[in-house]
Amino acid sequence: MNNDAPVIPALTPPRRILLGPGPSPVDDRVLRSMAAPLLGHLDPLFIRTMDEIQTMLRYVFETNNRLTIPVSGTGSAGMEGTVANLLEPGEEVVLCINGYFGERMFDMVSRLGAKPIRVECEWGGPVDIEKTREAWRNSNAQVLFAVQAETSTGVLQDIAPLSEIVKERDGYLIVDAVTSLGAHSVGVDRNHIDACYSGTQKALSCPPGLSPVTFSDRAIAKVKARQTKVSSWYLDTSLLTAYWDSPAGTPRTYHHTAPITMNYALHEGLRIVAEEGLEARAKRHERNHSALVAGVEAMGLGMHVAPEYRLWTLNAVSVPDGVDDAKVRARLLNEFDIEVGGGLGALKGKILRVGLMGSGSTENNVLLLLAALEKSLKAEGFMPKDSGVSAAADFYAH
Ligand SMILES: Cc1ncc(COP(=O)(O)O)c(C=O)c1O
């Protein structure tokens with residue numbers, strides 16, 4: 001074996017414009033916060049930082065839930081954590097599946113030894129409420145799962161009808177808010193959600209690495225009443241609580257070494273959200289989404305999702321017949337430094353996934369993307385009907 005020390009050049013990543021399904025562009029304030037000196041994970045100043053993060057997370061989740069923390073790990077860690085805590089082996093659970101992330105939850109639940117009951121729904125449409133009600137009534141499940149923002153299709157799910165179904169027999173609702181938190185209102189308390197998780201790299205505009213989660217007191221009572229131990233030591237909420245919370249001032253105890261720098265980033269990212277305010281932030285996301293749609297439609301392209309179910313954060317633009325989406329995406333990246341996503345699973349090759357999330361949801365980005373898209377589509381032989389940039393500019397002018 002050659003044992004010479006490798007000589008590798010330093011990383012010099014370009015400043016891409018991240019308009020894909022995530023990660024989204026990170027505000028410079030967040031990047032700067034990550035250069036701050038490290039504190040120890042039990043340093044009183046870090047504990048104060050943790051408390052402030054919890055306060056700000058309650059604000060974005062719109063909840064008073066005491067157990068509201070960032071799990072160390074990406075969105076999938078929070079996802080696995082909700083079911084690992086709330087489900088026991090052999091327990092039935094109703095899963096609404098209308099995209100890739102519903103399928104991922106099916107896989108996770110199966111691995112836990114729980115019994116998933118699938119409610120199959122169309123990819124690109126919302127959850128079928130009648131089918132869900134029927135599955136719930138015909139099962140012994142206490143837990144129902146749905147995705148609020150299906151990043152694979154661009155569909156926004158209304159949560160209220162799902163919580164109505166769950167209430168029929170005092171069940172528990174788990175909601176995936178990875179691509180909605182910080183843009184669309186999640187309203188954990190208003191919507192009677194029992195467990196909810198998200199990720200830092202979407203509308204919160206931080207790097208990937210933490211998964212904010214929140215559990216209602218009812219959900220915690222269900223976890224406490226388990227017959228079996230939570231199979232994941234790392235994600236066990238009772239162990240995590242001893243580190244993140246100190247009822248009656250008891251000292252915090254070490255669980256794992258928290259990723260200090262990522263928590264600095266989330267702290268700053270949440271401060272930015274709070275400064276803007278949830279309502280203003282939602283309006284900004286809606287406005288830039290609408291401008292993009294105006295531009296896309298002017299060019300003669302279609303949106304994959306019907307208007308009433310469209311996410312503002314993830315825009316699924318249908319790829320015109322005869323156009324190779326991979327070539328369009330490659331040109332956007334190589335010529336314009338713009339990243340957009342392709343379709344997943346059944347939608348591979350059929351849609352472009354354009355993310356307008358957090359600090360990436362701006363008028364500049366919409367206009368730039370439309371201009372770059374026009375050029376890239378023309379290079380693939382698609383002649384836009386009209387100018388997308390002009391249509392979006394007109395939208396902004398009114
Ligand atoms: C809706 C949804 N759920 C879960 C995840 C998993 O998150 P992560 O990739 O951060 O593990 C994602 C990631 O894109 C997502 O969009």
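Residues numbered from 1 in each chain as written. Predicted model: local features only at pLDDT ≥ 70, side-chain atom pairs only at ≥ 80, totals over all residues.

## So, the domain arrangement of the chain
It is common to give the size of an interface as the accessible area lost on bringing the parts into contact. As far as domains go, the chain holds domain 1 (28-274) and domain 2 (277-397). Taken together, the contact between domain 1 and domain 2 spans 24 residues of the former and 22 residues of the latter. Looking at the side of domain 1 that touches domain 2, its residues break down into 11 nonpolar, 12 polar and 1 charged. (Domains from an automatic or database assignment. Contact = placed C-beta atoms within 7 Å. Nonpolar A, V, L, I, M, F, W, Y, C, P; charged D, E, K, R; others polar.)

## Some remarks on the packing of helix H10 (residues 278-298) against helix H12 (residues 363-379)
With their axes 9 Å apart at the nearest point, H10 and H12 run at an angle of 15 degrees to one another. Taken as axis vectors, H10 and H12 run roughly parallel relative to one another. Viewed along their axes, H10 and H12 form a crossing whose handedness is right-handed. Residue-level contacts link Asn288, Ala291, Leu292 and Gly295 of H10 to Glu363, Val366 and Leu370 of H12. The residue makeup of the contact of H10 with H12, split by class, is 4 nonpolar, 2 polar and 1 charged. (Axes fitted to C-alpha atoms, helices over the stretch in contact; angles between N-to-C directions. Helix = DSSP H or I, 4+ residues; strand = E, 2+ residues; numbered from the N terminus. Parallel < 35°, antiparallel > 145°, perpendicular 65-115°, else oblique. Left-handed = near helix turned anticlockwise from the far one by under 90°.)

## Digging into the sheet that holds strand E2 (residues 67-72)
Spatial strand order, E2-E10-E9-E8-E5-E3-E4: 7 strands in an open sheet with mixed pairing. The sheet is open, and its two borders are formed by E2 and strand E4 (115-120), each paired with just one other strand. Here the strands of the sheet are splayed against their neighbours by 20 degrees on average, with no regard to which way each runs. Across 3 bridges, the pairing between strand E8 (residues 172-176) and strand E9 (residues 195-197) is parallel. Residue pairing across strands places Ile174 opposite Ala195, the latter belonging to E9. Along the sheet face, helix H2 (residues 44-61) touches E2, E9 and strand E10 (210-215) and points at about 105 degrees away from the line of E2. The sheet strands contacting helix H4 (residues 100-111) are strand E3 (92-97), E4, strand E5 (143-147) and E8, and the helix crosses E3 at an angle near 160 degrees. (Pairing = 2+ DSSP bridges.)

## Structural notes on helix H9 (residues 260-276)
Taking 1.5 Å of rise per residue, 17 residues should cover 24 Å, and H9 covers 25 Å from first to last C-alpha, within 8% of that figure. Among the residues making up H9, those that are buried are Asn263, Tyr264, Ala265, Leu266, Glu268, Gly269, Leu270 and Val273. Those residues of H9 that are buried lie in contact with helix H1 (28-33), H2, E2, E10 and H10. (Expected span 1.5 Å × (residues − 1). Buried ≥ 20, exposed ≤ 12 C-beta atoms within 10 Å, placed from the backbone.)

## Regarding the site of the ligand
Close contacts around the ligand come from 15 residues, with Thr74, Gly75, Ser76, Thr151 and Val178 the closest. Looking at the shell around the ligand element by element, the count peaks at 3 residues for helix H3 (residues 75-86). Looking at the shell around the ligand residue by residue, the class counts come to 7 nonpolar, 7 polar and 1 charged. (Near = placed C-beta within 6 Å.)

## Some thoughts on the pairing of E10
Most of E10 sits out of view: 6 of its 6 residues are buried. Because side chains alternate across E10, one face comprises the buried residues Leu210, Pro212 and Thr214, and the other comprises Ser211, Val213 and Phe215, equally buried. One ladder, built from 3 bridges, connects E9 with E10; its direction is antiparallel. When the sheet's bridge partners are listed, Tyr197 is paired in E10 with Val213.

## Quick notes on the nonpolar core
Within the largest apolar cluster, 113 residues are counted, with the highest numbers of intra-cluster contacts made by Leu144 and Cys196. Dropping the residues within four chain positions of it, Cys196 is found in contact with Phe61, Val175, Ala177, Val186, Val188, Val213 and Thr214. (Core = buried A, V, L, I, M, F, W, Y, C linked by C-beta atoms within 7 Å.)

## Notes on the packing of helix H11 (residues 325-336) against H12
For any two helices packed against each other, the geometry is given by the interaxial angle and the distance between the axes. At a minimum axis separation of 9 Å, H11 and H12 run at an interaxial angle of 125 degrees. Classified by the angle between their axes, H11 and H12 sit oblique to one another. When you trace H11 past H12, the crossing you get is right-handed. Contact residues: Val328, Arg331, Leu332 and Phe336 in H11; Ala372, Ser376, Leu377 and Ala379 in H12. Residues that form the contact of H11 with H12 fall into these classes: 6 nonpolar, 1 polar and 1 charged.

## Here's the deal with helix H8 (residues 237-244)
Within the sequence span of H8, burial applies to Thr237, Leu240 and Trp244. Around the axis of H8, the buried residues are gathered within 60 degrees of arc, so they sit on the same side. Those residues of H8 that are buried lie in contact with H2, E2, H3, E10 and helix H7 (217-224). (Arc of directions from axis to C-beta.)

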